[in-house]
Amino acid sequence: MIRSLLRSFETALKLHASSNTAPLNCSRRLLFSQYENRASLSKSPLTTSGTLGSNEADNDYVPYRQDQETGTKARVLLETLRERFRFTDAELQRIMSDELVHRCYRGRSLALTMDTLQLEGVSRRSFVEYPWLLSLDNKRLELKLQLIKSMEFKDINHFVPFLRLTVPRLRKLVGALNSERVTMPQGNRVYYISEKLEVSPDIVSKYLSKRLFILEMPYEMFEKNLQHMIDYNVSPINVLKDLWAFRYTPKSVQLRLERAKRAKKDKIMPWMVRCPEPILQRSLKLSLDELKVLGEFSSVVEYLAHRLGFSASEAKAIMDKHPQVHTVRVTKIKEVLDYLLDEAQFTRFEVAQVPRILCHSLKTTKKRMEELKSHGCRPSSLVILCRSRREYDKFLQHWISQERNPQSVSEG
């Protein structure tokens with residue numbers, strides 16, 4: 001009975017094998033390959049891209065990369081930027097960290113915008129300086145480029161900052177610039193300012209794009225104010241950084257600058273044109289007071305050298321020990337030296353050892369000296385007068401507790 005069953009089973013197997021064209025082991029391979037394909041499709045593109053062409057183990061360490069964190073489109077954009085411009089890692093980080101780029105790269109093809117700008121001549125430097133260029137809508141970008149190309153420009157990079165404007169706003173601005181093309185030899189105000197201030201046009205447009213009123217205000221008013229700034233030796237970069245002074249009439253601008261010049265301000269700034277009158281008067285008074293203190297000396301270094309009895313190079317070395325001294329007004333330095341040398345009877349060498357005392361509040365210095373004197377303490381160093389409130393109080397309490405045995409006092 002059992003033998004007959006075994007024979008019938010073997011016969012059935014033989015008939016099944018003969019009816020199939022592929023061997024049994026092949027069918028098994030096909031069956032399992034389906035599961036293998038499904039598993040491979042379920043893997044992340046980030047994982048497969050790192051393992052293609054290699055036999056790395058599953059537990060190999062994969063370093064963290066920020067571009068992988070932000071998605072595959074970020075990697076595509078990074079690779080495109082590297083290929084086109086060979087940006088450094090710092091430059092790529094600046095571009096990808098831009099708020100507009102970070103917001104747009106997932107839902108828009110920024111590479112297409114980059115191609116459009118590159119074909120028009122936008123340089124590598126402009127992409128680094130203005131990363132938001134990549135986030136511009138391509139259709140609106142073409143309209144903006146047509147408007148800018150209607151002007152006579154030497155390099156499109158000189159007007160790249162204006163691409164951030166809306167199309168209607170840019171059209172109005174371009175119309176205003178083109179209206180002066182015949183009367184202005186330079187072609188427009190961007191090149192006019194660049195020539196007068198001797199600054200590159202791309203730097204001029206960088207600041208003018210934030211203060212568009214300069215390009216649309218009456219030419220006569222604009223030209224006179226600019227000439228006043230030049231005549232009174234205002235630094236070109238300071239002019240560009242503070243363009244609000246151009247909103248005032250040329251007469252008031254000239255009057256303010258003349259007052260600053262008469263006060264012998266060593267550095268005339270545009271804010272002196274637009275600041276309230278009390279602030280200007282205080283600033284001019286401080287300048288006159290400083291000149292009175294300096295007298296025949298041309299700098300604070302020479303004045304300090306004279307007061308302490310050192311050479312100018314030695315006085316500079318003393319100030320360099322605490323660089324903040326260079327920013328202190330000479331009027332305050334005079335008051336501190338008058339007190340320390342004349343009233344407190346410190347020597348010039350003691351002052352030279354602690355130049356920080358020249359930056360310290362004179363009111364606090366006097367208060368501490370009087371407090372120490374009331375307890376019979378004359379500090380051997382000016383260091384304790386410059387310490388924090390907590391450290392000074394700790395020293396004072398230690399002195400009071402050891403007042404009967406002053407030899408054991410340590411002023412550290």
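Refer to the structure presented above.
Below, the structure is looked at part by part.

Here is what the cut-offs are and how they apply
- Residues numbered from 1 in each chain as written.
- Predicted model: local features only at pLDDT ≥ 70, side-chain atom pairs only at ≥ 80, totals over all residues.
- Heavy atoms only, no water.
- Phe/Tyr/Trp six-rings, centres within 6.5 Å; stacked < 30°, edge-to-face > 60°.
- Buried < 20%, exposed > 50% of the residue type's maximum accessible area, 1.4 Å probe, protein only.
- Lys NZ or Arg CZ within 6 Å of the ring centre and 35° of its normal.
- Helix = DSSP H or I, 4+ residues; strand = E, 2+ residues; numbered from the N terminus.
- Expected span 1.5 Å × (residues − 1).
- Arc of directions from axis to C-beta.
- Contact = heavy atoms within 4.5 Å.
- Axes fitted to C-alpha atoms, helices over the stretch in contact; angles between N-to-C directions.
- Parallel < 35°, antiparallel > 145°, perpendicular 65-115°, else oblique.
- Salt bridge = Lys/Arg side-chain N within 4 Å of Asp/Glu carboxyl O.

1. Examining the packing of aromatic side chains
Right, so step 1: The full count for this structure, using the stated rule, is 13 aromatic pairs.
Right, so step 2: Seen from their ring centres, Phe159 and Phe162 are 6.1 Å apart, and the 35 degrees between their planes marks the pair as tilted. By the burial criterion, Phe159 is buried, and Phe162 matches it.
Right, so step 3: Joined through ring pairs, the aromatic side chains of Phe153, Phe159, Phe162 and Tyr191 make up one cluster.
Right, so step 4: Here the basic side chain of Arg378 rests over the ring of Phe346, its NZ or CZ set 4.2 Å away from the ring centre.

2. Quick word on helix H11 (residues 167-178)
Right, so step 1: Between its first and last C-alpha, H11 extends 16 Å over 12 residues, near the 16 Å set by a 1.5 Å rise per residue.
Right, so step 2: Turning to H11, its buried residues are Val167, Leu170, Leu173, Val174 and Leu177. Projected down its long axis, H11 shows its buried positions confined to an angular sector of 125 degrees, all on one face. In H11, the exposed positions angled more than 90 degrees off the buried face are occupied by Pro168 and Lys172.
Right, so step 3: Looking at the buried residues of H11, the elements they touch are helix H10 (138-149), helix H12 (189-197) and helix H14 (213-216).

3. Quick look at the packing of H10 against H11
Right, so step 1: Contact geometry for H10 and H11: axes closest at 10 Å, N-to-C directions at 5 degrees. With respect to each other, H10 and H11 are oriented roughly parallel. Across the interface between the two elements, Arg140, Leu143, Lys144, Leu147 and Ile148 from H10 touch Val167, Leu170, Arg171 and Val174 from H11.

4. A few points about the pattern of salt bridges
Right, so step 1: Applying the stated criterion across every chain, the model contains 20 salt bridges.
Right, so step 2: Of the charged contacts in the structure, one is a salt bridge between Glu277 and Arg256, with a shortest N-O distance of 3.5 Å. Here the residue Glu277 occupies a position in helix H19 (residues 277-294), and Arg256 occupies one in helix H17 (residues 250-262), the gap between them amounting to 21 residues.
Right, so step 3: The exposure class of Arg256 is buried, given its relative accessible area of 14%.
Right, so step 4: Between Arg262 and Glu258 there is a salt bridge, with the nearest N and O atoms lying 3.2 Å from each other.

5. A short note on unusual backbone geometry
Right, so step 1: At Glu198, a position not held by glycine, the phi torsion is positive, near 60 degrees.
Right, so step 2: Within the secondary structure, Glu198 sits in the loop between H12 and helix H13 (201-208).
Right, so step 3: Looking at Glu198, the relative accessible area reads 74%, which means it is exposed.
Right, so step 4: Of note, the phi angle at Gln345 is positive, near 60 degrees, even though the residue is not glycine.
Right, so step 5: If you trace the backbone, Gln345 turns up in the loop between helix H22 (330-343) and helix H23 (348-353).

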